[in-house]
Amino acid sequence: KMSETGLSASNSLFDVRRQSALPSPQELKDFIEGGQRNPSVIAKERDTCHCCSWSSKAKAYKNLFGVSISFTIVFSVYLGVASLQSSINESGGIGLASLTTISFLFILSSFCTSAVIRLFGTKYTLIICYIGISLYTVGNYYASWYTLIPAAVCAGIIYGPLWASLNVHVTSVAIQYASVSGQNQSHVVALFLGIYTAMFKIAYIPANIISSVILLNGREENTSIIDTSLGDVCNNTEAANLDRLYLYILLSVYVIFDIVGIVLLISFVDHLGTDTKFLSPARMFELYVKKPFVATLKMMLNWKLILIHTLNTLDGFIITFSLGNFTKVYVSDCIGVHWV
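What counts, and where the lines are drawn
- Residues numbered from 1 in each chain as written.
- Predicted model: local features only at pLDDT ≥ 70, side-chain atom pairs only at ≥ 80, totals over all residues.
- Heavy atoms only, no water.
- Helix = DSSP H or I, 4+ residues; strand = E, 2+ residues; numbered from the N terminus.
- Expected span 1.5 Å × (residues − 1).
- Buried < 20%, exposed > 50% of the residue type's maximum accessible area, 1.4 Å probe, protein only.
- Contact = heavy atoms within 4.5 Å.
- Polar contact = N/O pair within 3.5 Å; in protein donor to acceptor, adjacent residues only side chain to side chain.
- Salt bridge = Lys/Arg side-chain N within 4 Å of Asp/Glu carboxyl O.
- Phe/Tyr/Trp six-rings, centres within 6.5 Å; stacked < 30°, edge-to-face > 60°.
- Axes fitted to C-alpha atoms, helices over the stretch in contact; angles between N-to-C directions.
- Parallel < 35°, antiparallel > 145°, perpendicular 65-115°, else oblique.
- Nonpolar A, V, L, I, M, F, W, Y, C, P; charged D, E, K, R; others polar.
- Core = buried A, V, L, I, M, F, W, Y, C linked by side-chain atoms within 4.5 Å.
- Patch = residues over 30% accessible without salt bridge, like charges linked within 9 Å, V, L, I, M, F, W, Y side chains within 5 Å.
- Areas by Shrake-Rupley, 256 points an atom, 1.4 Å probe, with all protein chains shown as cover.
- pLDDT = per-residue confidence, 0-100.

The subject of this paragraph is helix H10 (residues 244–268). An α-helix turns once per 3.6 residues; consequently, residues spaced three or four apart project the same way. For H10, which comprises 25 residues, the first-to-last C-alpha distance of 36 Å matches the rise-based estimate of 36 Å (1.5 Å per residue) to within 8%. Along H10, the residues that are buried comprise Leu247, Leu250, Leu251, Tyr254, Asp258, Gly261, Ile262 and Leu265. On the buried face of H10, the contacting elements are helix H3 (56–83), helix H4 (85–88), helix H6 (113–138) and helix H9 (206–217).

In this structure, Asp270 sits in the loop between H10 and helix H11 (281–300). Of the residues examined, Asp270 reaches a relative accessible area of 2% and is grouped as buried. Looking at Asp270, its side chain comes within polar contact range of the side chain of Lys62, at 2.9 Å.

It is worth spelling out the pattern of salt bridges at this point. One pass over the full model with this rule turns up one salt bridge. One salt bridge in this structure joins Asp270 and Lys62, with 2.9 Å as the shortest N-O distance. In this pair, Asp270 is assigned in the loop between H10 and H11 and Lys62 in helix H3, connecting sequence segments 208 residues apart. Taken individually, Asp270 and Lys62 each receive the classification buried, so the pair is uniform in this respect.

By the definition in use, this model includes 19 aromatic pairs. A ring pair is formed by Phe71 and Phe75, whose centres lie 5.1 Å apart and whose planes are at 15 degrees; its orientation type is stacked. Taken together, the residues Phe71 and Phe75, both in helix H3 and four residues apart, mark about one turn of the helix. One exposure class covers both Phe71 and Phe75, and it is buried. Each ring, one from Phe75 and one from Phe200, has its centre 6.2 Å from the other, and the planes form 75 degrees; the classification is edge-to-face. One end of the pair, Phe75, is in helix H3; the other, Phe200, is in helix H8 (residues 185–201), with 125 residues separating them in the sequence. On the basis of relative accessible area, Phe75 is assigned to the buried category, the value being 4%.

This next bit is on the packing of H6 against H10. Where H6 meets H10, the axes come as close as 10 Å, and the angle between the chain directions of the two elements is 175 degrees. One way to sum up the angle between H6 and H10 is to call them roughly antiparallel. Only Leu251, Tyr254, Val255, Asp258, Gly261, Ile262, Leu265 and Ile266 of H10 make contact with H6, whose side of the interface consists of Lys123, Leu126, Ile127, Tyr130, Ile131, Ser134, Thr137 and Val138. When the residues that make up the contact of H6 with H10 are grouped by side-chain class, the tally is eleven nonpolar, three polar and two charged.

Below, the discussion takes up the nonpolar core. Core analysis: the largest hydrophobic core is formed by 59 residues, its most contacted members being Phe71, Phe75, Tyr78, Tyr130, Tyr136, Leu162 and Phe192. When contributions to this core are tallied by element, the ones reaching two or more residues are H3, helix H5 (94–109), H6, helix H7 (148–181), H8, H9, H10 and helix H12 (303–335). For this core, the leading source of residues is H7, giving 14 residues. Apart from residues no more than four positions distant in its own chain, Tyr130 is found in contact with Val67, Ser70, Phe71, Val74, Leu162, Leu166, Gly261, Ile262 and Leu265.

This part takes up a nonpolar patch on the surface. A surface patch of nonpolar side chains, about 470 Å² in accessible area, is lined by Ile202, Tyr204, Ile205, Ile209 and Val213. Secondary-structure assignment places Val213 in helix H9.

Per-residue confidence for the chain gives a mean pLDDT of 77, with 75% of residues at or over 70. Across the chain, the secondary-structure element scoring lowest on mean pLDDT is helix H1 (residues 2–21), at 45, and the one scoring highest is H10, at 91. Across residues 1–23, where pLDDT falls below 50, the model places one contact with residues more than four positions away in sequence or in other chains. Predicted confidence for residues 27–37 stays below pLDDT 50, and this span has 16 contacts to residues more than four positions away or in other chains.

Another aspect to go through is the side chain of Ser98. Here Ser98 lies in helix H5. By relative accessible area, Ser98 is classed as buried at 0%. Excluding its chain neighbours within four sequence positions, the residues that come into contact with Ser98 are Gln85, Tyr136, Leu148, Ile149 and Ala152.

In this fold, Asn89 is placed in the loop between H4 and H5. The buried category is assigned to Asn89, whose relative accessible area is 6%. Sequence separation between Asn89 and Ser144 is 55 residues, and the spatial gap between their C-alpha atoms is 8.8 Å. Asn89 has contacts with Leu84, Ile94, Gly95, Asn140, Ala143 and Leu148, leaving out every residue within four places of it along the chain. At a separation of 2.9 Å, a polar atom in the side chain of Asn89 contacts the side chain of Asn140.

Quick look at the structure:
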């Protein structure tokens, strides 16, 4: 009798386990209609720095400064390389052509930004974007139409997702911290975005200082630091006669900084998770390509954003003049490439 009771209990337990493993009616409906499968391996949230426990505040600021510092390093390298394009890659206009390629693809990549972030999450999107920007730096080792332009294509394609994922990650961390700490959400978001913006604005300084120091040592020995002997004509040929060894040293330093930025991102920034799931190809295209593209297009046609487009256009002209014309005509050709 006891054996029968034990057998009956075990059968009941087995039935409960078996029933719990069965999909619910809603899950079965989603599977049939949408082709839904299990979540991907990057769908779950993952924290970093498991060696010590982090409070909610420490975890939030770890993510904030991890993103801010890593981006400041990587973006500073990009600005340093971009500001030298019209000087060191003047032949055939390849330097300016690469910057134009990045700007053009930046616009196109904005339409797929939402899909990329939903698929990979903010952290993995940033890792991919940092690697893409690093490829542009590497492409300058042997600048030609077959190396620099493909590298510029890689940098341009990831430029849209880069900026979006940065802001989404910082905003998401701020919202999570505000909900835990009980602070006003809008105040915390403004504070975190302000800190992040202030830090990446510093990016305009470090890489340009490094390029000035290295290229200053690479100038011809018989020239002064500032060449004032040209009178009213600026025809300084220092950039054309620059020893390539110093350029390779500069690029190598930049690559090291890119690697440091990527390592900091991987080490200190948490993965916030994604809603990625294995779907049928048609469902994947509709969910991750079609809908985000249409939504972005509708948003860009909003009359409020159309007014903002004028500011973006003006900003584009200013950046183009600063990185393209000013650094070449008024700095490199007049007082030397090391002053760019």
